[in-house]
Amino acid sequence: IDVRLFHLSPCRQAWDDILSERLLALKRRSWRKQGVEDLSSYFTVGNPLLASTGAVGREFFSLLMSVNPVDLQLYEEAEGDSVLHLIQGDILDLHDRAGQDREPLPSDDTSIGFHCCHSPMREIQVLHDRLLDFFLHDPSLKPADILVMAPDITSYAPAVAGVFGSAPSARYIPWSLADQAGHQEEAIIEGFLELLKLQESRFTAPDVMALLENQAVLNRFGLADEDILLMRSGIPEAGIRWGLDQEQRCEQGLTKEQQHTWDFGLDRLLLGYLTGPLAEPWQGIMPCSGTVAGMGSWIGGLTDFIRAFQKLRKRMKAKYPPDQWAELLLAMIDDFFIADKEHQDGMLILRQSIADFAEYCRLAGFRQELGLPIIRHWFDRRFSEPTGGQAFLAGRVTFCNMVPMRSVPFKVIWLLGMNDLDYPRSQRTPAFDLMAKHPRLGDRSRRDDDRYLFLEALLSARTHLAISWIGRDRQDNSSLPPSVLAAELRDYINQGWAGDGQESAAEMLTVEYPLQPFSQRCFDSTR
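Computed from a predicted model, the values in this text were never measured in an experiment.

### Some thoughts on the overall build of the protein
Each helix and strand in the protein was counted, giving 21 helices and 9 strands. On C-alpha atoms alone, the protein measures out to a radius of gyration of 30 Å, which is more than a quarter above the 24 Å that the 2.2 N^0.38 rule sets for 527 residues. C-alpha atoms of the protein, sized along the principal axes, occupy 95 × 65 × 50 Å. The 527 residues of the protein split such that 44% are buried. Within the protein, contacts between residues at least 6 apart in sequence are counted, and of these 75% link residues at least 24 apart. In the protein, 54 positive and 74 negative side-chain charges are present, and the distance between their average locations comes to 5 Å.

Encoded structure:
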């Protein structure tokens, strides 16, 4: 049958023999050491941006041409005379602006922007403000026309939710977050994994409280958000430090002391709630001497929570075959979580994953008994993978990772986290990896992949390309360099366009933001 392959090629000229200046310099040094004639005249740089970032595409294109395919070219030239469109045209035609008369950079050109911030939170705040500005100046722009990418979007997820999710209705921008693991999307799944993890821990007060703050757990035991603050002050006052009870202390190789366990603290809290402060211990228990006025709202729920923990831990110390583990896990989620409307989807995913675990073992004919560490490892791996139903291209501003096949044409593409040490990402290969020692054409390289993803983003932006990075230290305000890819793009802009005499062209396109969003600089006319 006929095989039709659609390949996004950045250049319509013959570019399979171009090399970047860096690689050419390395080759010249190697030739000098070997006493070989300098062959650099057989190579060309072409466009320095394409030569530096297009290694993956160049190798793949060479492999395609080696099978003598029928080539149908469908290139389209960039329309417009903005800096972004001119750079895209240079890459398309393998043109280099270095050595030519530099054009003055238009003062109103916003097609490429560089944004220097102090922290990931400031990057997201700047992004939100700039998107509002884009919407104000371009009424045809829609949220679906905007793509925001980062090397690791998970690290930006809390900031995105905090800034975009809490914006008032007048400034609210619809958004969606893709490429998140299952436990990061659903609170009930995160609570399930934390519950398994705690069974092998020391049950410290902060760890148990962190699980109790999960909304699905909180609702299951009849607790409210305001009870969390009361418990945070009451639990340390009751002397609770670690350990469920005396039995667990003995398993840790300690004496049969119950002091500072959850059992010890609950007895003090319950007695203090019933009797108030006492001058002497009652049956060896000294009631909690602090205020007990607010205990009635949470002491019962906390007690039920700890008692359920103790029962679960006794059951999970044993080994079971897969079918019994499935029954135990289903009973566990019924005991600790409530499937209200907010967590209904997460509960469905959780139950389906438990059923899949039992089914996989049945199909494999595996009936041996398993311990908790193996069960926990299986579900950790299961929920660390991105779920299949995430919203991508869902009619909102899309936040996602920088991965292949994401750089489809968007009017606005914003690249977050273009820091010097974070992108391109490095990958350490094991010492025994012989393929890495003797690479061949087409072998994967993490750094080359990231360079090509940057090139795809540059070519896919239709009207605006924005690049932000943490360029200032939060402690001493010292300057931090951007990614080498952003630096190469800035160098190319400086070679092709002239500044205003006081600043270079790249500096004219760069905005350095203050540390705080309420700084006076954010509200005046200065950049």
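### Looking at the nonpolar core
Counting residues in hydrophobic clusters, the biggest one holds 57 residues, and the most contacted among them are Phe192, Leu302 and Phe305. The leading source of residues in this core is helix 14 (residues 299–316), at 8 residues. Apart from residues no more than four positions distant in its own chain, Leu302 is found in contact with Leu212, Leu223, Met231, Ile235, Trp262, Leu266 and Leu269. Grouped together as the second largest cluster of nonpolar side chains are 49 residues, Leu453, Ala457, Trp497 and Ala505 included.

### Looking at the side chain of Asp227
Relative to the elements of secondary structure, Asp227 occurs in helix 11 (residues 225–237). In contact with Asp227, not counting residues within four places along its chain, are Ser297 and Trp298.

### Regarding the sheet that holds strand 5 (residues 397–401)
Sheet strands pair via backbone hydrogen bonds, and the direction of the pair is either parallel or antiparallel. With parallel pairing, 7 strands are arranged side by side in an open sheet as 4-5-3-6-7-2-9. Only two strands of the sheet have a single neighbouring strand rather than two, namely strand 4 (175–177) and strand 9 (510–512). Strand-to-strand twist across the sheet, computed as the mean angle between neighbouring axes with direction ignored, equals 20 degrees. Across 6 bridges, strand 2 (residues 112–117) lies against strand 7 (residues 461–470) in parallel orientation. Bridge pairing in strand 7 places His115 opposite Ser468. Against the sheet, helix 20 (residues 484–496) engages strand 2, strand 7 and strand 9, with an angle of about 130 degrees to strand 2.

### Some details on the pattern of salt bridges
Throughout the structure, instances matching the rule amount to 15 salt bridges. Its salt-bridge partner being Arg376, residue Glu200 comes within 2.9 Å of it at the nearest N-O pair. Here the residue Glu200 occupies a position in the loop between helix 8 (187–198) and helix 9 (205–212), and Arg376 occupies one in helix 17 (residues 372–384), the gap between them amounting to 176 residues. Taking the relative accessible area as the measure of exposure, Glu200 reaches 39% and is therefore partly exposed. What you see here is one network of salt bridges that share partners, running through Arg12, Glu77 and Asp93.

### Some thoughts on the packing of aromatic side chains
Across all of its chains, the model carries 17 aromatic pairs by this definition. Seen in terms of ring centroids, Phe192 and Phe379 are 5.4 Å apart; in terms of plane orientation they differ by 75 degrees. Their pairing is edge-to-face. Residue Phe192 is located in helix 8, and its partner Phe379 is located in helix 17; the two are separated by 187 residues in the primary sequence. Under the relative-accessibility criterion, Phe192 is labelled buried at 0%. With a centroid separation of 6.2 Å and an interplanar angle of 25 degrees, the aromatic rings of Phe379 and Phe383 are classed as stacked. Residue Phe379 and its partner Phe383 are both found in helix 17; the two are separated by 4 residues, about one turn of the helix. When the ring centre of Trp242 is taken as origin, the NZ or CZ atom of Arg202, which lies over that ring, is 4.0 Å away. When the ring centre of Phe221 is taken as origin, the NZ or CZ atom of Arg220, which lies over that ring, is 5.6 Å away.

### A short note on the pairing of strand 6 (residues 410–415)
Each regular strand carries side chains that alternate between the two faces of the sheet. Counting buried residues along strand 6, 5 of its 6 residues qualify, which places the element largely inside the surrounding structure. With 4 bridges joining them, strand 3 (residues 146–150) and strand 6 adopt parallel strand pairing. When the bridges of strand 6 are listed, Leu147 appears paired with Ile413.

### Overview of the layout of surface pockets
The computed volume of the second largest pocket comes to approximately 1200 Å³. In this structure, the second largest pocket is lined by 36 residues; those nearest its centre are Arg22, Leu23, Ala55, Ser445 and Asp448. Elements with a minimum of two residues in the lining of the second largest pocket: helix 1 (21–34), helix 2 (48–53), helix 3 (55–65), helix 18 (434–437), helix 19 (446–460) and helix 20. Tallying contributions element by element places helix 3 first for the lining of the second largest pocket, with 5 residues. Its residues assigned to classes, the lining of the second largest pocket shows 13 nonpolar, 8 polar and 15 charged.

### Thoughts on the pairing of strand 5
Among the 5 residues in strand 5, 5 count as buried, and that is most of the element. Going residue by residue along strand 5, you find Val397, Phe399 and Asn401 tucked away on one face and Thr398 and Cys400 tucked away on the opposite face as well. Note that strand 3 and strand 5 share 4 bridges and pair parallel. Paired with Ala150 across the strands is Asn401, a residue of strand 5. When strand 4 meets strand 5, the two strands line up parallel, connected through 3 bridges. Considered in strand 5, the bridge of Trp175 is made with Val397.

### So, the side chain of His115
Counting through the fold element by element, His115 comes out in strand 2. Engagement of the side chain of His115 in a polar contact is seen with the side chain of Tyr513, the distance being 2.8 Å.

Conventions used here
Residues numbered from 1 in each chain as written. Predicted model: local features only at pLDDT ≥ 70, side-chain atom pairs only at ≥ 80, totals over all residues. Heavy atoms only, no water. Helix = DSSP H or I, 4+ residues; strand = E, 2+ residues; numbered from the N terminus. Rg over C-alpha atoms; globule rule 2.2 N^0.38 Å. Buried < 20%, exposed > 50% of the residue type's maximum accessible area, 1.4 Å probe, protein only. Contact = heavy atoms within 4.5 Å. Lys, Arg positive; Asp, Glu negative; His and termini not counted. Charge placed at Lys NZ, Arg CZ, Asp CG, Glu CD. Core = buried A, V, L, I, M, F, W, Y, C linked by side-chain atoms within 4.5 Å. Pairing = 2+ DSSP bridges. Axes fitted to C-alpha atoms, helices over the stretch in contact; angles between N-to-C directions. Salt bridge = Lys/Arg side-chain N within 4 Å of Asp/Glu carboxyl O. Phe/Tyr/Trp six-rings, centres within 6.5 Å; stacked < 30°, edge-to-face > 60°. Lys NZ or Arg CZ within 6 Å of the ring centre and 35° of its normal. 1 Å grid on protein atoms, 1.4 Å probe; cavity = no way out; pocket = protein on both sides within 12 Å on 5 of 7 lines; lining within 4 Å. Points joined across faces, edges and corners; volume = space filled by probe spheres on them. Nonpolar A, V, L, I, M, F, W, Y, C, P; charged D, E, K, R; others polar. Polar contact = N/O pair within 3.5 Å; in protein donor to acceptor, adjacent residues only side chain to side chain.

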